[in-house]
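Fold and geometry: a report
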Amino acid sequence: MDPQTLIALNRERTARKGCAVVTELSTGRDRLVRESEVIPGELGEAMAKAKRSGRAGVVEIEGASYFINVHMPPVRLVVIGAVHITQALAILASPLGMAMEVIDPRTAFATPERFAGVNLFADWPEQVLGAKPLDRWTALVALSHDPKIDDWPLMSALRCRCFYVGALGSRRTHQKRVERFTEAGFGEGELSRISAPVGLDIGASSPAEIALSILADIVAHQRKTDGGQEA
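**Observations regarding the environment of leucine 92**
Its place among the elements puts leucine 92 in helix H3 (residues 84-93). Accessibility expressed as a relative area gives 33% for leucine 92, which makes it partly exposed. Taking the C-alpha atoms as reference points, leucine 92 and leucine 215, 123 residues apart in sequence, are found 8.0 Å from one another. Here leucine 92 is in contact with Ala208, Ala211, Leu212 and Leu215, once residues within four sequence places are set aside.

**Points about the sheet that holds strand E6 (residues 99-103)**
For sheets, the rule is that strands pair by backbone hydrogen bonds, running either parallel or antiparallel. Read from one edge of the open sheet, 6 strands run E7-E6-E5-E8-E9-E10, paired in parallel fashion. The two strands at the open ends of the sheet, each matched to only one other strand, are strand E7 (119-121) and strand E10 (194-195). The pairing of strand E5 (residues 76-80) with strand E8 (residues 138-142) spans 5 bridges and is classified as parallel. Within E8, the residue paired with valine 79 across the bridge is valine 141. In the packing of H3 onto the sheet, contacts are made with E5 and E6, and the angle to E6 comes to roughly 165°. Across the sheet, helix H8 (residues 207-223) lies against E5, E8, strand E9 (164-167) and E10, angled at about 155° from E9, the strand it touches most.

**Some points on the packing of aromatic side chains**
Scanning the model with the defined rule gives 1 aromatic pair in all. Ring centres 5.9 Å apart and planes at 40° place the aromatic pair phenylalanine 181 and phenylalanine 186 in the tilted group. The same class applies to phenylalanine 181 as to phenylalanine 186, namely buried. Across from the ring centre of phenylalanine 109, 4.6 Å away, lies the NZ or CZ of arginine 106, which sits over that ring.

**Some details on the nonpolar core**
Of all hydrophobic cores here, the largest spans 26 residues; its most connected members are Leu77, Ile85, Leu89, Val141, Leu143, Ile214 and Ile218. The set of elements that each furnish at least two residues to this core consists of E5, H3, E6, E8 and H8. Per-element tally for this core: the top contributor is H8, with 5 residues. Excluding its chain neighbours within four sequence positions, the residues that come into contact with leucine 77 are Ala93, Met98, Ala99, Met100, Glu101, Ala139, Val141, Leu215 and Ile218. If you look at the next biggest cluster of nonpolar residues, it comprises 21 residues, including Ile103, Ala157, Ala167 and Phe186.

**Overview of the packing of H3 against H8**
The N-to-C vectors of H3 and H8 enclose an angle of 55°; their axes lie 8 Å apart at closest approach. It follows that H3 is oblique to H8 by the angle criterion. Between H3 and H8 lies a crossing of right-handed hand. Along its contact with H3, which presents His84, Ile85, Ala88, Leu89, Leu92 and Ala93, the element H8 presents Pro207, Ala208, Ile210, Ala211, Leu212, Ile214 and Leu215. Residues that form the contact of H3 with H8 fall into these classes: 12 nonpolar, 1 polar and no charged.

Calculation rules
Residues numbered from 1 in each chain as written. Predicted model: local features only at pLDDT ≥ 70, side-chain atom pairs only at ≥ 80, totals over all residues. Heavy atoms only, no water. Helix = DSSP H or I, 4+ residues; strand = E, 2+ residues; numbered from the N terminus. Buried < 20%, exposed > 50% of the residue type's maximum accessible area, 1.4 Å probe, protein only. Contact = heavy atoms within 4.5 Å. Pairing = 2+ DSSP bridges. Axes fitted to C-alpha atoms, helices over the stretch in contact; angles between N-to-C directions. Phe/Tyr/Trp six-rings, centres within 6.5 Å; stacked < 30°, edge-to-face > 60°. Lys NZ or Arg CZ within 6 Å of the ring centre and 35° of its normal. Core = buried A, V, L, I, M, F, W, Y, C linked by side-chain atoms within 4.5 Å. Parallel < 35°, antiparallel > 145°, perpendicular 65-115°, else oblique. Left-handed = near helix turned anticlockwise from the far one by under 90°. Nonpolar A, V, L, I, M, F, W, Y, C, P; charged D, E, K, R; others polar.

Structure representation (C-alpha cells):
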C-alpha cells in the first residue's frame, strides 16, 4: 500500500469514518475512497455492495481486476437504561463485534455487579453523550421506558443520523413520544426512523428474546446502509 494511502486510511479510521482502499491488481496502484465520495458506474456499485457486506473481494470491470478492501467503523451500541433486556444485550452483542455502552442515571440499576465488563455510566445521557457524541455508525437503543431519560438521547440520535434508533414501548407509548418529538420540531420523515416497538417482530417475550430481536434489527439496518446512510 502506498504510504500516503495508509496515512489517509488511518486518519479516516481514527475519525470513525467508513472508507475503502481500491487497488488495481495489474498495476498495484491504490486509492482511498472516503464514505462521502460517489464513484459512478460498475466500480461504484461493487464498492457499495462491499461496504454493505463489510467483506473485501476482487471484482472484474471492463477487463480490469480491482481488489476492494473495506474499512467500516465497528458498530457502537449505546443502550439507555440498565434493565434486564440490557443485560441480555451485553451477552449477545459481544460476539457480533459491537462495542456496547450502557447509560442510566438510576444507580440502583446501573451497578458493576449487574454489568460486569461493560462500559457502564451511572449518569444522565446528556452528560455522557455530551462528552462522547453519537455518530452515524452508532446504534442507539432506549430501554428505560422513562421519557425523562430516553427522550434526549433519542432526539440526539435522530439529529446525528445514527444508522439505528430504537425505543422500547407499546404503540400507544410511541404515539405519545411522536407527539412530544413533533412539538420539539421533528418531522414525519425523521420520526419514521425510530424503530418502535424496538426490534424485529419475532413474537419475543423474554428479555433474552427481545434482546435477540433488537440485535437482529440492528444488523438488518447495518446491512442496508452505505456510508452510514440508507442505501
